[in-house]
Amino acid sequence: MEATSKTPAQAEPAGRQIVIERVFHLPLNKVWQAWTHPESFKRWWGPEDYTCPSSSMDFRTGGKYLHCMRSPGGEETWSTGIFKEIDPYKKLVFTDSFSDNKGNLIPASAMNMPGEWPLELLVIVHFRDQYPNTKILLQHEGIPSEMQPDCITGWNESFDKLEKNTG
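A. Inspection of the overall build of the protein at higher detail. Tallying secondary structure elements over the protein gives 3 helices and 8 strands in all. Against the compact-globule benchmark of 15 Å for 167 residues, the protein has a radius of gyration of 15 Å, which places it among compact chains. Along the first, second and third principal axes, the C-alpha set of the protein runs to 45 × 35 × 30 Å. Considering the protein as a whole, with its 167 residues, one finds that 45% of them fall into the buried category. Within the protein, counting contacts between residues at least 6 apart in sequence, those at least 24 apart form 52% of the total. For the protein, the exposed area adds up to about 8,500 Å²; of that, 50% sits on carbon and sulfur atoms.

Structure below.
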């Protein structure tokens, strides 16, 4: 399929998943930290013009996370999940679900999201050291086809912020 990204990343929908490949002009330890430390995560999470006012992580296999994404209009979207696999500097696997601000799962329909969403999605991120750069391959599974273009755009805008705000 054709890439649908406006950034240097390659992105394509594949069934009910999106796949994004991206090279960051940052060393691996900086990219890893951006994903695994709440204060670093808050600097990049969310599409352009969105902020992340809250991020907490129990960063261990079986640990939970809870993140808030705030729109320019002040609307908050919370997400939570469980870290399923952590291979330091190589791979992260975690679940991803919409939630309330306490981490209780809520269906996507409660967020007025179109399409049929599973209650729990899966995210797999591979990290590859290409010093002085870092390449990642992200797979986000369970996303309905009608939402895939928006999800690809959102991830890539977040990655633009990661590149800009990580140093």
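Continuing now.
B. Representation of the environment of asparagine 112. The topology assignment puts asparagine 112 in the loop between β6 (91–99) and β7 (121–130). The class of asparagine 112 is exposed, set by a relative accessible area of 70%.

C. Spatial organisation of the environment of valine 123. Relative to the helices and strands, valine 123 resides in strand β7. When its relative accessible area of 1% is taken as the criterion, valine 123 is described as buried. It is 20 Å that separates the C-alpha atoms of valine 123 and methionine 111, two residues lying 12 residues apart in sequence. When near neighbours in sequence (up to four residues on either side) are disregarded, valine 123 contacts Leu92, Val93, Phe94, Asp96, Leu138, Gln139 and His140.

D. Quick peek at the packing of aromatic side chains. On inspection of all chains with the given rule, the structure shows 20 aromatic pairs. When the ring of tryptophan 35 is compared with that of tryptophan 155, the centres are 5.9 Å apart and the planes differ by 20°; the resulting orientation is stacked. One end of the pair, tryptophan 35, is in helix α1 (residues 28–36); the other, tryptophan 155, is in helix α3 (residues 148–165), with 120 residues separating them in the sequence.

E. Representation of the pattern of salt bridges within the structure. The final tally for this structure, using the stated rule, is 6 salt bridges. A salt bridge links glutamate 76 to arginine 70; the nearest nitrogen and oxygen atoms lie 2.5 Å apart.

F. Expanded view of the side chain of serine 71. Checked against the element boundaries, serine 71 lands in the loop between β4 (64–70) and β5 (76–87). Using a relative accessible area of 13% as the deciding quantity, one classes serine 71 as buried. Setting aside anything within four residues of it in sequence, one finds serine 71 in contact with Asp49 and Tyr50.

G. Quick look at α3. Taking 1.5 Å per residue, 18 residues should reach 26 Å; α3 reaches 25 Å between its end C-alpha atoms and fits that length. Listed as buried for α3 are Gln148, Cys151, Ile152, Gly154, Trp155, Asn156, Glu157, Ser158, Phe159, Lys161 and Leu162.

Conventions and cut-offs
- Residues numbered from 1 in each chain as written.
- Predicted model: local features only at pLDDT ≥ 70, side-chain atom pairs only at ≥ 80, totals over all residues.
- Heavy atoms only, no water.
- Helix = DSSP H or I, 4+ residues; strand = E, 2+ residues; numbered from the N terminus.
- Rg over C-alpha atoms; globule rule 2.2 N^0.38 Å.
- Buried < 20%, exposed > 50% of the residue type's maximum accessible area, 1.4 Å probe, protein only.
- Contact = heavy atoms within 4.5 Å.
- Areas by Shrake-Rupley, 256 points an atom, 1.4 Å probe, with all protein chains shown as cover.
- Phe/Tyr/Trp six-rings, centres within 6.5 Å; stacked < 30°, edge-to-face > 60°.
- Salt bridge = Lys/Arg side-chain N within 4 Å of Asp/Glu carboxyl O.
- Expected span 1.5 Å × (residues − 1).

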